[in-house]
Amino acid sequence: MANSVDFNLSPIMELELESLREDDTAQDSMCQLIRVTGTGLESGSPETLEMEVLTTEGRDRMASQMSDVRERADERRLQRSEESMQTDLLVRNRWSAATLRVLSSMPSRSVGQQSRLEIISQCNIRSTQLRRYHRQNQDVSLSSRPRIRGYGIEADSEDVCEEETKRQELVINLQSLSAGDRVRMMRATPLSLAEKTKLRKLAFSDKVGQSLLSSQVPCCSLLKRALYHVLFGCLFILSSLQLWQVALKRLGGRFGTGVLSYFLFLRTLLLFNVFLFLINSLFLVLPQAIHPPLHTPSSHRVTGLELFTGTGYLSNSLMFYGYYTNSTINTSCRPDEATAGTGCGTTSDPHMMAYNIPLAYFFTIGITFFITGIVLVYSMSKSFGRSFRVFKSQGNLAIKVFSSWDFKVSKKMSVRLQSENITTQLKELLSEVNGGEEEKGRLSGMALHLLAWSISLGSTFFCALGIHCFAKHMHLRRLEDAEGEVSLVHEARLLALPGVVSCGNLLLPGLFNLVSWMENYNSPIVRLYVSIFRNLLLKVSILGVLCYHWLGKIAAEPEQHGLQCWESFVGQELYRFLLMDFIFTVLYTVFGEYIWKLFSQGVLRRRRKPVFDIARNVLELIYGQTLTWLGVLFTPLLPAVQIIKLLLLFYMKKSSLLVNCQASRKLWRASQMSTLFISLLCFPSFLGTSVSVIYTMWTIKPSSGCGPFRNLPFMFHSGKQWAQELKSTNPKLAWLNWVHSCLVENPLFLFLMAGVFLMVIYVNTQVLDGQRKIISLLQEQMENEGKDKKFLITRLQAIHEERQRPLSPSSRPQPQGSEV
Amino acid sequence: MGTTASQLGKDLLSEYQELTFLTKQEILLAHKRFSELLSKEDRNLTSVPMEKVLSLPELKSNPFRKRICHVFSTSDMKDGSLTFEDFLDLLSAFSDSATLEIKSHYAFRIFDFDDDGTLDGGDLEKLVNCLTGETEDSRLTPEEMRQLISNILEESDIDKDGTVNLSEFQHVISRSPDFVSSFKIVL
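Once a new chain begins, its residue numbering starts again from 1 and follows that chain's sequence as written. Here the convention is simple: chains get letters from A, ligands get numbers from 1, in the order in which they are written. Restriction of local features to residues with pLDDT of at least 70 applies here, the model being predicted, together with a cutoff of 80 or more for giving and counting side-chain atom pairs; totals for whole chains, interfaces and linings are based on all residues. Only hydrogens and water are set aside; all other atoms, that is, all heavy atoms of the structure, feed into the side-chain values.

S.K.: I'm lost on the overall build of chain A in this one. Help?
M.R.: Helical segments are the DSSP runs of H or I of at least four residues, strand segments are the runs of E of at least two, and each set is numbered from the N terminus. Secondary structure summary: chain A contains 28 helices and two strands in total. For the exposure calls, accessible area comes from a 1.4 Å probe over protein chains only, and a residue counts as buried if that area is under 20% of its type's maximum, exposed if over 50%, partly exposed in between. Residue burial in chain A is summarised as follows: out of 820 residues, 45% are buried. Counting only contacts in chain A whose residues sit at least 6 apart along the sequence, the fraction spanning at least 24 positions is 79%. Reported accessibility uses the Shrake-Rupley method at a 1.4 Å probe radius. Residues are deemed covered only where the shown protein chains occlude them. As displayed, chain A offers around 44,000 Å² of accessible surface, 63% of which is attributable to carbon and sulfur atoms. The contact criterion used is simple: two residues touch if any of their non-hydrogen atoms lie within 4.5 Å.

Next up, the structure:
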């Protein structure tokens, strides 16, 4: 955040310094400038209209002496309209040629005309600054543009080839920079490629054939160069492996940045899951797969339903918690000797690798959650930094006009749509800025909002209640079923609860959409946030009810629910939920979107296809990811299922989009939305799951019949036991135990950390505040400088006219507003 | 110099990699597409006329396509024809890794329709007309246009001289988080 503020400061500083510089030079140096720069100008096209506005504004400002400009914006607007009336009466063409030349050669305007010279000068300054910075010289602050211009004039005011000297200076500066800086400088200069190659040849004419990166060849630089090559090679491979690059480009080109953000979010989630899956399989699944536990093979009929319910032969597989043993695997043992207990080989060879499965389970899950949390918080803060606006101005019109055109969009239809979008937004913004909003009947508006909120909250509450009762009912049914024979119908009943939940997840958002359409919000942004909030509340309450059910009821009294291994059961439930969610999404995409398109085009006769609902789809993704994270503790292979699901979802959504939908007309602030999504992923989703995982590990008694934590009072005792064992076997590592007891069991440490964290936040907010104040002060200063500039120009003109008058007694009559 | 040979020289390739923001793949792809544009013409030509450049699918429907060609063209005749190096410049400025400064510099030059170094009322009007489209009913009314331009100048003209110069433009752009992602063209 601080960086973005600094960037704001530097152009402001340059402008300020430039105007300072200009005001410092007295009128004689102005004449010098006129002489020197009068030669090489191509077009001194008079900008007469703005000159008049300048004059009148200057006069009016001097007369009225308005000090607090910003707060009198309305008055200024009024004045401007008065001034525009006065311009017709004003004198046109009254600026003399000399004044016009001065004006058009001002540094702030010379981007188009003397572009090469100006850019080379700027490059010069920057390279000088860099060189001085590297030599620890602090004298950089005043080497701004005007100084260089002044330098050029003092040194060789007679020399026409100013450009050549500048170029030589630049070449010398470049040669003295380090390689990395040189590359960065060359890349960042807005010169044409031909110019840059010329410069490069000039600067390194004696090192023909070598690349810039290999300009110095001592031994350590050779190593550095080799490292660079390796790194570039790796990056090249990584970038060529970028998943779905072409497809994403096509989608972005056709539908814009908003829809693209959904797919980018999907890709991010995929990467998280791949990471989870790799770590889990490497440290958890593989060791256990190599040394499978001995258990009686139960006879299960292999029907296809197992894939959906997770029961049957899957329940005693690597998928679920119950499969994992609480043994320590010694690598010197033969596989069939690895039984429950301490493992084979009584005299432990100290150099033998012993792999403690419960410990591995505990630490793997803990560390993956920790790393995921860090990565999430980091990406969230980066995203926040990108979308944070340092200070809000009165309106967004300039920003919208300058930066809203998406150059990636290439199809003609999409381009036309984008133009329409922008037109609508501009018109809306204009009407907002210049006129007030209509005063709707406030009372009826309030009542409507109240009604809408009560409907949505009420439906959420009833949905949650219904799920709670249904879950209890299903468990009773399951108990009854378990007493009887196992049949297909009984297994299929396991799918009822997930089905009902997914139904609720699908239908209630539709209800929310209807309700918000009824409410008829004025601003689309508010409507979007409200809908996201309602959907989020629905999902949080559903998940909350389910978690209470699993962790609070089932885990606490597993015998009452007839379960040997409650963790496996919870894992299976989560697996079922994930699958049913996917199936319902597929059904919704196929039937919902496709059939709705047919319906709306055929029956309702709308010409436009339906719009891709980004918010709803993103919340679905977050819901799926929450389920995965909840289930990782009980089902280590659940990330693999989620990976497959996300892959299939990508292709399905892509084809559905291309066939059924079209780009939205609504405003979509892509970067702020991405920030919102990542923060939704982090805060309710990840935080909630980590809280529940920690709760499970710390307070719930694991089942005694299955899993790696059997016979332990709590799951985290495996870590504690290991620490104590370490103390007894290897006294040198006793400090680890001490660290462990300090960190984990001492609440003071957490308080300290929280305190430090809060202090850092406070200091950063204060710094931001201070920088905001500086920015507003500088803005005021710049406005004052602008007024000074106008004052000087009018004085210059006045003096010039005074001088002209005695020379030409028949002075030209001041032309009135007829000439243009 | 731009080459019409089917292969780019290795040192030329590495030189382009150092001087632009493009990766090796992107430069090779650009070379391929550029050669396709040249393939029907005389082999001796090194620059592609503007009409051919405008036939690229990425530029075909872009309302700023002519300005883009004019800004990046280094030909003396000011006809908007691009050599291969101009083409690389174009892609580099519009690439993923180009800095905000470069992008805003070129955006300013693209929006400066009369090439006078500042964005005055006429430039802004043409800009808004490009944004809102060709058809008559999607354009703004003159009254709205006038209001829009005065609002823009009020927001972005810091020294109140009636035009937006490069620094003021860059200041406005730096406040917009979407600019970098929307000022992109990928082949």
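What follows picks up the thread again.
S.K.: Please clarify how the overall build of chain B should be interpreted in this entry.
M.R.: Helix and strand content of chain B: ten helices and two strands. Element order for chain B, N to C, with α for helix and β for strand: α-α-β-α-α-β-α-α-α-α-α-α. Classification of the 187 residues of chain B by burial places 59% in the buried group. When the accessible surface of chain B is totalled, it reaches about 7,400 Å², and 51% of it is carbon and sulfur.

S.K.: Would you take a moment to explain the nonpolar core for this structure?
M.R.: Side-chain atoms within 4.5 Å link the members of a nonpolar core, which is a set of buried Ala, Val, Leu, Ile, Met, Phe, Trp, Tyr and Cys residues. Counting residues in each nonpolar core, the largest one holds 100 residues, and the members touching the most others are A:Y262 and A:W566. A:L397, B:L91, B:F113 and B:L187 belong to the second-largest nonpolar core, a separate cluster that totals 83 residues.

S.K.: Hey, could you run me through the UniProt feature "domain: EF-hand" (unreviewed entry) in chain B in this one?
M.R.: Residue and element names in this part refer to chain B. What UniProt calls "domain: EF-hand" (unreviewed entry) maps, in this numbering, to residues 99-134 and 144-179. Across residues 99-134, helical content stands at 67% and strand content at 0%; the span's end C-alpha atoms are separated by 31 Å. When the span residues 144-179 is considered, its composition is 64% helix and 0% strand, and the gap between its end C-alpha atoms is 24 Å. UniProt positions are given in the numbering used here, feature names are shortened, and annotations may be inferred rather than shown by experiment.

S.K.: Whenever I open this one, the pattern of salt bridges confuses me. Can you help?
M.R.: Only one rule defines a salt bridge in this text: a Lys or Arg side-chain nitrogen within 4 Å of an Asp or Glu carboxyl oxygen. Under the counting rule described, the total for this entry stands at twelve salt bridges over all chains. Here A:R200 ties to B:E15 by a salt bridge, and the two come within 3.5 Å at their closest N and O atoms. Separated into two different chains, A:R200 in helix α10 (residues 193-203) and B:E15 in helix α1 (residues 10-19) make up a pair that spans both. In this structure A:R200 comes out as buried when scored by relative accessible area, which is 14%. In this structure, the salt-bridge partner of B:E143 is B:R146, at a minimum N-O distance of 3.2 Å. Of this pair, B:E143 and B:R146 are both found in helix α8 (residues 142-156), three residues apart, which corresponds to roughly one turn of the helix. Judged by its relative accessible area of 44%, B:E143 is partly exposed. Accessibility expressed as a relative area gives 52% for B:R146, which makes it exposed.

S.K.: Please explain the confidence of the model for chain B as it appears in this structure.
M.R.: All names here are of chain B. This prediction gives chain B a mean pLDDT of 85; 94% of its residues lie at or above 70. Predictor confidence is given residue by residue as pLDDT, running from a minimum of 0 to a maximum of 100. Ranking the elements of chain B by mean pLDDT puts strand β1 (residues 47-48) last, at 84, and helix α6 (residues 100-111) first, at 92. The ipTM value of the predicted complex is 0.90, and its pTM value is 0.65.

S.K.: I tried to follow the side chain of A:K196 on my own but got confused; where do I start?
M.R.: The topology assignment puts A:K196 in helix α10. For the buried A:K196, no salt bridge exists, and the shortest N-O distance to an oppositely charged side chain is 4.9 Å, to B:D89. Within the structure, the side chain of A:K196 is placed 3.3 Å from the backbone oxygen of A:T189, a separation counted as a polar contact. Look past the residues within four positions of A:K196 in its chain and what remains in contact with it is A:M186, A:R187, A:T189, A:L191 and B:L19. In this tally Asp and Glu are treated as negative and Lys and Arg as positive; neither His nor the chain ends contributes. Residues adjacent in sequence count toward polar contacts only when both atoms are side-chain atoms; beyond that, a polar contact is any pair of N or O atoms within 3.5 Å, and within protein one must be able to donate a hydrogen and the other to accept it.

S.K.: It is not clear to me how helix α7 (residues 121-132) of chain B should be interpreted in this structure. Could you clarify?
M.R.: Within an α-helix, residues lying three or four positions from one another point in the same direction, as the helix has 3.6 residues per turn. Residues and elements named next belong to chain B. For a helix, the expected span equals 1.5 Å multiplied by the number of residues minus one. The terminal C-alpha atoms of α7, which comprises twelve residues, lie 16 Å apart, in line with the 16 Å expected from a rise of 1.5 Å per residue. All of the buried residues along α7 are D123, L124, L127, V128, N129, C130, L131 and T132. Following α7 by one or two positions, G133 has its phi on the positive side, about 105 degrees.

S.K.: Can you walk me through unusual backbone geometry in this structure?
M.R.: Leaving glycine out, the prevailing phi sign among residues is negative, and the prevailing peptide bond configuration is trans. Residue and element names in this part refer to chain B. Of note, the phi angle at K78 is positive, near 55 degrees, even though the residue is not glycine. With respect to the element layout, K78 can be found in the loop between α4 (65-72) and β2 (82-83). The phi dihedral of D115 is positive, around 55 degrees, even though this residue is not glycine. In this fold, D115 is placed in the loop between α6 and α7.

S.K.: Teacher, can you tell me more about helix α26 (residues 717-729) of chain A here?
M.R.: Residue and element names in this part refer to chain A. Spanning 13 residues, α26 covers 18 Å between terminal C-alpha atoms, matching the ideal 18 Å at 1.5 Å per step. For α26, every residue scored as buried is listed here: S718, G719, A723 and L726. Viewed along the axis of α26, the buried residues span an arc of 140 degrees, placing them on a single side of the element. Arc definition: it is the arc formed by the directions from the helix axis to the C-beta atoms.

S.K.: Can you help me understand the packing of helix α22 (residues 566-602) of chain A against helix α23 (residues 614-631) of chain A in this one?
M.R.: The relative placement of two packed helices comes down to the angle between their axes together with the axis-to-axis distance. Residue and element names in this part refer to chain A. Across the interface, α22 lies against α23 with an axial gap of 9 Å and an inter-helix angle of 160 degrees. Taken together, the axes of α22 and α23 lie roughly antiparallel to each other. Of the two possible hands of crossing, α22 and α23 adopt the one that is left-handed. On the side of α22, the interface is formed by L574, F577, L578, D581, T585 and Y588, while α23 contributes R616, E620, Y623, G624, L627, T628, L630 and G631. Ten residue types, Ala, Val, Leu, Ile, Met, Phe, Trp, Tyr, Cys and Pro, are classed as nonpolar, four, Asp, Glu, Lys and Arg, as charged, and the remainder, Gly among them, as polar. Residue composition of the contact of α22 with α23, grouped by class: seven nonpolar, four polar and three charged. Angles run from 0 to 180 degrees between N-to-C directions of axes, and those axes are lines fitted to C-alpha atoms, restricted for helices to the stretch in contact. In this scheme, roughly parallel covers angles under 35 degrees and roughly antiparallel covers those over 145, while 65 to 115 is roughly perpendicular and the rest are oblique. Helix crossings get a hand from a simple test, with the near helix turned counterclockwise from the far one by less than a right angle marking a left-handed crossing and a clockwise turn marking a right-handed one.

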